[in-house]
Structures are given as structure tokens and as C-alpha cells.
Amino acid sequence: QVQLVESGGGLVQAGGSLRLSCAATGKFGIVNIMGWYRQAPGKQRELVASITDAGSTNYADSVKGRFTISRDGAKNTVDLQMNSRSPEDTAVYYCKLTLFYGFSRDDIWGQGTQVTVSS
């Protein structure tokens with residue numbers, strides 16, 4: 001069974017940088033999307049960035065220009081480089097893998113990692 005393990009969360013000061021990594025274990029098909037979501041206290045989970053198996057990226061407007069998502073197929077990992085961090089970026093960040101099978105799809109979530117940005 002495919003599982004996701006996140007790492008790299010922690011505390012960073014405002015204006016600083018932090019990199020999150022997500023490793024996918026197990027075997028899965030080529031057609032897939034990996035991405036990062038986040039959920040702040042009292043708010044709903046939202047998309048941060050995603051990247052397809054072909055390398056196409058999608059960013060939330062709030063992070064565009066500051067965050068960069070990338071993936072390494074050989075290592076089965078997806079990274080999120082977060083620059084110019086703001087206290088508003090404080091949240092639990094979740095890695096997500098979407099697998100496509102014909103007309104159906106499966107979503108697999110990581111356990112989440114806390115990211116805190118201090119003032």
C-alpha cells in the first residue's frame with residue numbers, strides 16, 4: 001500500500017526559508033499528482049501547490065512567487081521550498097498523492113507536519 005511521509009517542518013522566523021519533503025513509499029502508476037495542502041487553526045484545509053507527473057505546477061495565489069514545488073521521480077519525493085515566510089503561513093502542512101485509474105481516482109494523505117513562522 002502506498003504511504004506518504006513528510007519531513008522538514010519546524011520553526012522559522014519571518015522572512016526566513018524552510019523546505020518540506022514528502023516521500024512516497026510503495027508502488028504506484030505514472031499518472032499522478034503530488035501536492036501540498038495546509039490547514040491553520042480554525043480554518044479549512046487549502047491547496048498550497050501541486051505538481052503533475054509531467055512537471056506541470058499549480059500554486060495558490062497567496063504563495064505564488066514565494067514557494068516552489070518540485071519532485072524527484074527517481075526518489076519518489078516531492079519538495080516544497082518556502083521562502084519569504086510570513087506568520088500567516090503557520091499551519092499544519094499535508095502531503096497529498098492523487099492516483100488516476102481510468103475514470104476513477106484515489107487520494108492518499110500524509111500525516112501532516114507543523115510549520116510555525118514567528119514574528
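Look a little higher up for the structure.
These remarks concern the structure in this document. In this text, all values refer to a predicted model and were calculated from it rather than measured experimentally.

**Focus: the side chain of T77**
And then number 1: Relative to the helices and strands, T77 resides in strand 8 (residues 77–82).
And then number 2: Judged by relative accessible area, T77 falls into the buried class, the value being 18%.
And then number 3: Setting aside residues up to four positions removed in sequence, T77 forms contacts with C22, A23, S70, R71 and D72.

**Focus on a nonpolar patch on the surface**
And then number 1: On the surface, I30, V31 and F100 cluster together into a nonpolar patch covering about 290 Å² of accessible area.
And then number 2: Mapped onto the fold, V31 is located in the loop between strand 3 (18–25) and strand 4 (32–39).

**Some points on the packing of aromatic side chains**
And then number 1: Summed over all chains, the structure comprises 2 aromatic pairs.
And then number 2: A centroid spacing of 5.1 Å and a plane angle of 65 degrees characterise the contact between Y37 and W109, whose relative ring orientation is edge-to-face. In this pair, Y37 sits in strand 4 while W109 sits in strand 10 (residues 104–109), placing the two residues 72 residues apart along the sequence.
And then number 3: Judged by relative accessible area, W109 falls into the partly exposed class, the value being 34%.
And then number 4: Aromatic side chains Y94 and W109 sit 6.5 Å apart centroid to centroid with 85 degrees between the ring planes, which places their arrangement in the edge-to-face category. On the criterion of sequence distance, the pair formed by Y94 in strand 9 (residues 91–101) and W109 in strand 10 is long-range, its members being 15 residues apart.
And then number 5: The exposure class of Y94 is buried, given its relative accessible area of 14%.
And then number 6: Put simply, the rings of Y37, Y94 and W109 pair up and form one aromatic cluster.
And then number 7: Stacked on the ring of Y94, the Lys or Arg R45 has its end atom at 3.7 Å from the ring centre.

Basis of the calculations
Residues numbered from 1 in each chain as written. Predicted model: local features only at pLDDT ≥ 70, side-chain atom pairs only at ≥ 80, totals over all residues. Heavy atoms only, no water. Helix = DSSP H or I, 4+ residues; strand = E, 2+ residues; numbered from the N terminus. Buried < 20%, exposed > 50% of the residue type's maximum accessible area, 1.4 Å probe, protein only. Contact = heavy atoms within 4.5 Å. Patch = residues over 30% accessible without salt bridge, like charges linked within 9 Å, V, L, I, M, F, W, Y side chains within 5 Å. Areas by Shrake-Rupley, 256 points an atom, 1.4 Å probe, with all protein chains shown as cover. Salt bridge = Lys/Arg side-chain N within 4 Å of Asp/Glu carboxyl O. Phe/Tyr/Trp six-rings, centres within 6.5 Å; stacked < 30°, edge-to-face > 60°. Lys NZ or Arg CZ within 6 Å of the ring centre and 35° of its normal.

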